[in-house]
Structure formats: structure tokens, C-alpha cells
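# Architecture and fold: a report
Each chain, letter by letter, is given below.
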Amino acid sequence: MTEEKKSILKANNIYKTYQAENGEIEALKNVNFEIKQGEFVSIIGPSGCGKSTLLSIVAGLEEKNDGEIYIDGKIGYMLQKDNLLEWRTIYKNVLLGLEIQNALTEENKEYVIKLLKKYGLYEFKNKYPTQLSGGMRQRVALIRTLAIRPTILLLDEAFSALDYQTRLMVTDDIYKILKNEKITVLMVTHDISEAISMSDKVIVLSKRPATVKKIYDVNFEIESRTPLNCRESPKFSKYFNLMWKELEQYEKCTEK
């Protein structure tokens with residue numbers, strides 16, 4: 001009998017409004033979802049619907065007007081850009097989060113070295129970000145986030161700055177690391193293919209004010225799942241067509 005995984009993140013009735021020159025703008029309306037331990041969940045939706053706003057609220061970077069966020073554990077956050085400091089070595093970049101949190105203990109330094117060795121970055125620890133490829137820079141940014149030992153990782157369009165070919169390889173690389181480290185993930189992306197290939201669940205938001213319209217369970221029944229082999233599965237296009245039709249409906253409504 002499979003053990004039921006506990007809920008690690010819940011959003012209950014989240015509302016968000018902004019004050020603009022022409023009045024109040026409702027961004028999020030009655031948003032509800034739940035993420036269980038170890039799940040990889042993506043959020044997709046029409047352009048400008050409030051995906052990143054929702055992620056910022058979950059991270060505690062932005063205030064909500066109403067509702068509750070329940071989080072069991074520590075959050076890590078990865079943005080679109082790797083934000084590596086060009087004047088610091090790779091090792092020093094990875095230590096940055098620990099420095100900010102005043103957690104630069106010998107134990108944590110040893111953990112960083114272990115991560116660098118485990119994920120093929122140790123030999124580059126004394127190099128600088130400009131000496132690395134885009135894909136390797138993203139891996140460094142991820143290791144920097146993992147160094148603070150997060151329970152939940154938030155990804156905000158984390159691969160969008162990369163070219164298509166690099167992006168495919170990086171998502172495969174990052175996915176394997178996150179699953180290996182048993183990190184729970186909530187990712188915002190505009191890329192339906194990326195969401196399907198990486199996720200256990202995909203949350204579809206409506207146009208603004210955004211609410212949860214549909215949650216898809218994604219199951220490829222592949223023994224050793226990776227984003228690349230998911231894209232080759234016959235089920236991939238079925239999932240894509242379902243989600244594309246859902247989003248296309250909202251885009252057409254916006255155009256009218």
C-alpha cells in the first residue's frame with residue numbers, strides 16, 4: 001500500500017487587487033491549490049494573468065488581500081536570470097545565500113562542496129561566471145539555492161533566458177537534480193511543453209482576475225522519467241492539445 005504524501009504547500013482562497021490610476025485592478029480571485037511533498041507542479045495561464053504575482057505571494061515577497069498560504073518548510077526561489085555575481089568565483093557565488101542568512105558554518109561549507117562534487121561543478125569552483133556556459137550557470141544558481149536546504153523550490157520562468165537547445169538540456173539536468181534531492185517544486189512558466197515534460201501536475205489559471213480553472217495530473221508511466229523522454233512519449237501531444245485548447249479559449253476572450 002502506497003504511503004499518502006503529506007501536503008507541504010496550500011493556497012486557500014487567495015485574492016489580490018492593485019490600486020491603479022484608473023481604479024482598482026483585481027489580479028487574483030479565489031485561488032486554491034495544494035501541493036504534496038516531492039511533487040513538481042507548474043502554473044500556466046494567459047499572458048499577464050498573474051502567474052508571477054501568485055508565486056511572489058507564496059514566497060512572501062508580495063502581500064495578498066485575502067486568503068491563506070500554508071507552507072511546511074523553507075522556501076528557495078530561482079528567477080529568470082541566474083543573478084550570479086561576476087566578480088565572485090563559482091564557490092563564492094554558491095555560498096552567497098548562506099552568507100546572507102548568517103549560516104556560513106563549517107557543516108554548511110562541507111555540504112556545498114558535496115553538492116559541487118555531486119553535480120559536476122567542483123572542478124570549476126575557482127572559475128568565474130563568465131567562464132561558464134549558460135546551462136552551467138543555471139546549475140550553479142540551482143546549487144546556490146539548494147545550499148540553504150530548501151524544502152520547496154519556487155521557479156519563476158527560470159529557463160526563459162536560455163536558447164531553445166540549451167533550455168532542453170538544462171531542464172533535463174535541473175529536473176534530475178531536483179528529483180534526486182527530493183525537492184518539492186512550484187514553477188511558473190509560459191511554456192506548455194516545459195510544464196508538461198517536467199510536472200506531476202499542471203495548474204491552469206484563467207485570464208485576469210486569475211482563478212484556478214483546471215488542474216491536470218500528468219502521468220507518462222515511464223520508469224526513469226526525464227523531461228526529454230516525456231517529450232518523445234505519445235501521451236505528450238495529448239496533454240499539450242488539452243492545455244493549449246484551454247489557454248487558447250482565454251486568449252480568444254482577451255482579443256474580443
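Here we summarise the structure given alongside this text. Just so it is clear, the structure is predicted and the values come from calculations on it, not from any experiment.

Reading the values: the criteria
- For every chain, the first residue of the written sequence is number 1, and numbering continues from 1 onward in sequence order.
- Note on the predicted model: pLDDT of at least 70 is required for a residue's local features to be given, and 80 or more for side-chain atom pairs to be given and counted; whole-chain, interface and lining totals, by contrast, use all residues.
- In computing side-chain properties, one takes all heavy atoms of the structure into account and sets aside hydrogens as well as water.
- Remark: exposure states derive from per-residue accessible area (1.4 Å probe, protein chains only) relative to the maximum for the residue type, with buried under 20%, exposed over 50%, and partly exposed in between.
- Helix numbering and strand numbering both begin at the N terminus, where a helix is a DSSP run of H or I of at least 4 residues and a strand a DSSP run of E of at least 2.
- Think of it this way: DSSP has to see at least two bridges between two strands before they count as a pair.
- Centre distance within 6.5 Å is the pairing criterion for rings of Phe, Tyr and Trp, where only the six-membered ring of Trp is used; planes under 30 degrees apart are then read as stacked, over 60 as edge-to-face, and the remainder as tilted.
- In these notes, a set of buried Ala, Val, Leu, Ile, Met, Phe, Trp, Tyr and Cys residues joined through side-chain atoms within 4.5 Å is what counts as a nonpolar core.
- Whether two residues are in contact is decided by their heavy atoms: any pair within 4.5 Å suffices.
- Salt bridge criterion: a side-chain nitrogen from Lys or Arg within 4 Å of a carboxyl oxygen from Asp or Glu.

With that settled, consider the pairing of strand β8 (residues 201–205). The buried count for β8 comes to five of five residues, which makes it a mostly enclosed element. Here β8 shows a buried face lined by K201, I203 and L205 and a second buried face lined by V202 and V204. Bridge count between strand β3 (residues 40–44) and β8: four bridges; the pairing is parallel. Bridge pairing in β8 places I43 opposite I203. Both β8 and strand β9 (residues 212–217) contribute to a ladder of five bridges, which runs antiparallel. Within β9, the position partnered with I203 by the bridge is I215.

Here we come to the packing of aromatic side chains. In the structure shown here, the tally under the stated rule is three aromatic pairs. The interplanar angle of 35° and the centroid separation of 6.1 Å between the aromatic rings of F40 and Y175 together place this pair among those described as tilted. Taken as a pair, F40 in strand β3 and Y175 in helix α5 (residues 164–180) lie far apart in primary sequence, 135 residues in all. An identical accessibility class is assigned to F40 and Y175; each is buried. Ring geometry for F240 versus W244: centroids 6.5 Å apart, planes at 10°, classification stacked.

Turning to the nonpolar core, a few remarks are in order. Counting 38 residues, the largest nonpolar core has L155, F159 and L178 as its most contacted members. Secondary structure elements with two or more residues in this core: α2 (90–100), α3 (106–118), α4 (134–146), β6 (152–156), α5 and β7 (184–188). Here this core takes six residues from α4, the largest share from any one element. When neighbours within four sequence positions are excluded, L155 is seen to be in contact with F40, L55, M78, V185, L186, M187 and V188. Judged by nonpolar contacts, the second largest core, of 23 residues, contains A27, C49, L54 and L154.

It is worth spelling out the pattern of salt bridges at this point. What the rule picks out here adds up to 14 salt bridges. The closest approach of N and O atoms between D72 and K6, which form a salt bridge, is 2.8 Å. Of this pair, D72 sits in the loop between β4 (66–71) and β5 (75–78) while K6 sits in the segment before β1 (7–20), and the two are 66 residues apart along the sequence. For D72, a relative accessible area of 27% translates into the label partly exposed. Residue K6 is classed as partly exposed on the basis of its relative accessible area of 44%. Notably, a salt bridge pairs R167 with E194, separated by 2.7 Å at the nearest N-O pair. Separated by 27 residues along the polypeptide, R167 in helix α5 and E194 in helix α6 (residues 192–198) bring together distant segments of the chain. Salt bridges sharing partners connect three or more residues here, namely R167, D191 and E194.

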